[in-house]
Each structure stands twice: as C-alpha cells, then as structure tokens.
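# Notes for the structure review
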Amino acid sequence: MKKLQSLLIGILAIILILFFGVRQLEKASGMAGADTLTIYNWGDYIDPDLLRKFEKESGYKVNYETFDSNEAMFTKIQQGGTAYDITIPSEYMIQKMMKEKMLLPIDHKKLKGLENIDERFLNLDFDPQNNYSIPYFWGTLGIIYNDKFIGEDQIKHWDDLWKPALKDNVMLIDGAREVLGLSLNSMGYSLNSKNNQELRKATDKLNKLTTNVKAIVADEIKMYMINEESAAAVTFSGEAAEMLDGNEHLHYVIPSEGSNLWFDNIVIPKTAKNIKGSYEFINFMLRPENAAQNAEYIGYSTPNKAAKKLLPEEISSDEQFYPSDEVIKHLEVYEDLGAKYLGIYNDLFLEFKMYRR
C-alpha cells in the first residue's frame, strides 16, 4: 500500500512539474492566455502611457514585442511559436496574410467606435468591408530637406534628387518598394509596376543617382537630418514629423507627380489566444481621446476623424501630414506583388545598392 501511495505521489509531482513547466513556457513565448494580451507592433508606434492605461482599465498584462518590417512580422507569425493577439501590418501585407488565411475575421458586432473612423479609410481595396482589419495610422512617403542647404523651389519633385547640387547629400530609406517606387513615379509609372521594361528603366535611372546618395539607412535618417548631416532624405511622413520637431530648418514635401499612400491596420492573427482582449484593445484605440493622444505622440496621421478634432490645430491643419484630397488622388497604395515580383524588386534594389559609387 505504501508503495502504491508513493507511486501516486510521484506521478502527481511529475504532473505538477509538467503543468508549471508548460505555463512558464507559454509565458516565455507570449502565450499566457486570458490574463495577458500579446501585441506585435512596429517599434515606437504607440504611446507607452496608453499601454499602461489599457492595462489599468482592462486588468490584462500586456506583452509588447516589436518588428522592423512587414516581412519580418509575416515570417514570425507564419512560423508560429508565439501566439500574438494583435499585430499591425501595412495594407499589402494584410492582403497577403488574408490570402494565406493567417487572420481571423473581424466581428463588427463586437466593435465600439468604428463610426469614429473617416469613411475615406474604410472599405479600401486591400480589405473591402474591413472584414479583417481596423485602421490605425496612415501616411505618405516624401522628401525631407534642410532649407540651409537647398531652397524650397529646388525640391518639389522626385527628379530634384538627381540634381548635381545634391552630390553626396541625399539619404535613402532602406526599402526596395520605396526606392524602386520613387524612381517609377518619377518616370510616370506605377509604383506597383510588373512591367519588366519599366522596372529596368527605373533601375537604370537609380544607378545615375548614386553620386548623390550619401547613405541608404533606416531609423538613422532621423538623427542625421536633425543633426544637419545631409541636405535631403527620402522618408515616411511620421518620421518626418519627428524630424521637424527636432530642427526648424527641415521641411517635408510630397512630390506632386505621385508617391506612396500607406495604411497600417490592426488585425487579429489566427493563432491569437485572447480574442476577448483583442477586441477590448481595438475598442480602446478607437476611442477618440486615445487615438488623438497616440497621434500626437507618434506623429503619424490618424484615420479617426473624431480624434483629429481633438488635436492641436497646428497639427490637424498641416497639409504636410494631412494632405488635401487633390494631393491624395495622385498617390498610390502598395499592392501585394506576389512572390515572383517581390523577388524581382528586391534583386533590382540589391543591384542598385551594389552599383553605388
């Protein structure tokens, strides 16, 4: 009898060890379940005070992880291992994730505050009826320049980046779609072109830009431009807003011939564990006061029309970051190119970077 009791106690001990081991593993991999909300977002893309406010209001513990590209985010979610409850991809990646059946459909009956979103940012081509995503931020790609080195009348178009006066004085963002896209737009082509001849011409033109390119970088552009280490750079509108705050001589312009109009939306990955918490977070961010606080902190444009009314007038009326419909109609949204053409864009961009002199 004692042997049987010892055996049962041993089995119970093993079960408890395994149970707590699994719990620790789940916590380490962001799968803590009903008490935790695991968010996967771009770096520096939410006001930390809002995360603390959400934790206090909801009672959830927020696990917050960041990524630096749509592709990195896609790969990590596709591979599994971490059950993210919320992530915030860009439009073309949402399109791809929908095709790969990686997202849960949005139950609109559980949403509170969707009416706060400007109709212009709903029912877009990448997600008609917003069946899988809810708008978070939007913006543009453009040129930031320093008026101490270059005049306002000298930098209005993509072609101006090729001017001899900007030799070794232009910084480019490290992105194939962005750099190939600006060259395509400068020639009157779509930034979603799948025409090999157009792509070849765009690359050849970029190769002629190399004498003006000082560096191809990412987040470092902010520091370089604020410190006046370059006359001009290609960057996103929200990044530009932060730079403008750091140096009064900087200005942002959207080339009139066309550029990228992008949208980042909230989605719920299919592997999410805390669905209830996911909706609570979406509804929290749809509240005008929270969306306004986030937009003022981050610098990107809010699609929340009720939140926009709460922003200081110098922000909400600034057409550098809230461009007119006339400007917007010349902009294009990135489309999912598919694996073949995404590879071609990446190869041509690599060719351009290797060509640099």
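This text goes with the structure placed above it.
What comes next is a walk through the structure. (Residues numbered from 1 in each chain as written. Predicted model: local features only at pLDDT ≥ 70, side-chain atom pairs only at ≥ 80, totals over all residues. Heavy atoms only, no water.)

### Structural notes on the overall build of the chain
- Across its full length, the chain holds 14 helices and 9 strands.
- Counting only C-alpha atoms, the chain reaches 95 × 45 × 40 Å along its principal axes.
- Looking at the chain residue by residue over its 357 residues, the buried ones come to 50%.
- For the chain, long-range pairs separated by at least 24 residues make up 74% of all intrachain contacts whose partners lie at least 6 apart in sequence.
- Surface exposure of the chain reaches about 17,300 Å², of which carbon and sulfur atoms provide 54%. (Helix = DSSP H or I, 4+ residues; strand = E, 2+ residues; numbered from the N terminus. Buried < 20%, exposed > 50% of the residue type's maximum accessible area, 1.4 Å probe, protein only. Contact = heavy atoms within 4.5 Å. Areas by Shrake-Rupley, 256 points an atom, 1.4 Å probe, with all protein chains shown as cover.)

### Considering the nonpolar core
- If you look at the biggest cluster of nonpolar residues, it comprises 109 residues, and the most contacted ones within it are Tyr45, Leu161, Leu172, Phe281 and Ile282.
- Broken down by element, this core gets its largest block of residues, 8 residues, from strand E4 (residues 134–146).
- Not counting the four nearest positions on each side in its chain, Phe281 is found in contact with Leu37, Ile39, Ile46, Leu51, Phe54, Ile86 and Ile266. (Core = buried A, V, L, I, M, F, W, Y, C linked by side-chain atoms within 4.5 Å.)

### Side note on the sheet that holds strand E3 (residues 86–87)
- Taken together, 3 strands build an open sheet; the order of strands is E2-E1-E3 and the sheet is parallel. Each edge of the sheet is formed by a strand with only one pairing partner; in this case those strands are strand E2 (61–67) and E3.
- Of the pairings in the sheet, the one linking strand E1 (residues 36–42) to E3 comprises 2 bridges and is parallel in character. Across the sheet, Tyr40 pairs through a bridge with Thr87, a residue of E3.
- Strand contacts of helix H2 (residues 48–58): E1 and E2, with the helix running at about 150 degrees to E2, the strand carrying the most contacts.
- With respect to the sheet, helix H3 (residues 70–79) is in contact with E1, E2 and E3, its orientation differing from that of E1 by roughly 145 degrees. (Pairing = 2+ DSSP bridges. Axes fitted to C-alpha atoms, helices over the stretch in contact; angles between N-to-C directions.)

### Digging into H2
- Among all positions of H2, only Leu50, Leu51 and Phe54 are buried. All buried residues of H2 fall inside an arc of 100 degrees around its axis, so they share one side.
- Of the surrounding secondary structure, the elements contacted by the buried residues of H2 are E1, E2, helix H9 (275–286) and helix H10 (288–298).
- The backbone nitrogen of Asp49 has a side-chain oxygen 2.9 Å away, supplied by the residue at the start of H2, namely Asp47.
- Remark: Gly59 follows H2 within two positions and exhibits a positive phi of approximately 85 degrees. (Arc of directions from axis to C-beta. Polar contact = N/O pair within 3.5 Å; in protein donor to acceptor, adjacent residues only side chain to side chain.)

### Let's talk about the pairing of strand E9 (residues 261–266)
- In terms of residue burial, E9 counts as a mostly covered element, since 6 of its 6 residues are buried.
- Because side chains alternate across E9, one face comprises the buried residues Leu261, Phe263 and Asn265, and the other comprises Trp262, Asp264 and Ile266, equally buried.
- Where E4 lies against E9, 6 bridges are found, and the strand directions are antiparallel. Considered in E9, the bridge of Gly139 is made with Trp262.

### Focus: the packing of helix H5 (residues 176–186) against helix H6 (residues 196–207)
- Following both chains from N to C, one finds H5 and H6 inclined at 100 degrees, their axes separated by 9 Å at the closest point. Put simply, H5 runs roughly perpendicular to H6. From H5, Val179, Leu180, Ser183, Leu184 and Ser186 reach across to H6, where they touch Glu198, Leu199, Ala202, Thr203, Lys205 and Leu206. (Parallel < 35°, antiparallel > 145°, perpendicular 65-115°, else oblique.)

### Regarding the pairing of E4
- In terms of burial, E4 is a largely internal element, 13 of the 13 residues being buried.
- The sheet contact formed by E4 and strand E7 (residues 232–236) spans 5 bridges and is antiparallel. In the sheet register, Ile143 faces E7, and the bridge partner there is Val234.
- Summarising the sheet, E4 and strand E8 (residues 250–253) pair through 4 bridges and their orientation is antiparallel. Bridge pairing in E8 places Ile144 opposite Tyr252.

By themselves, these observations are geometric and do not establish any function.
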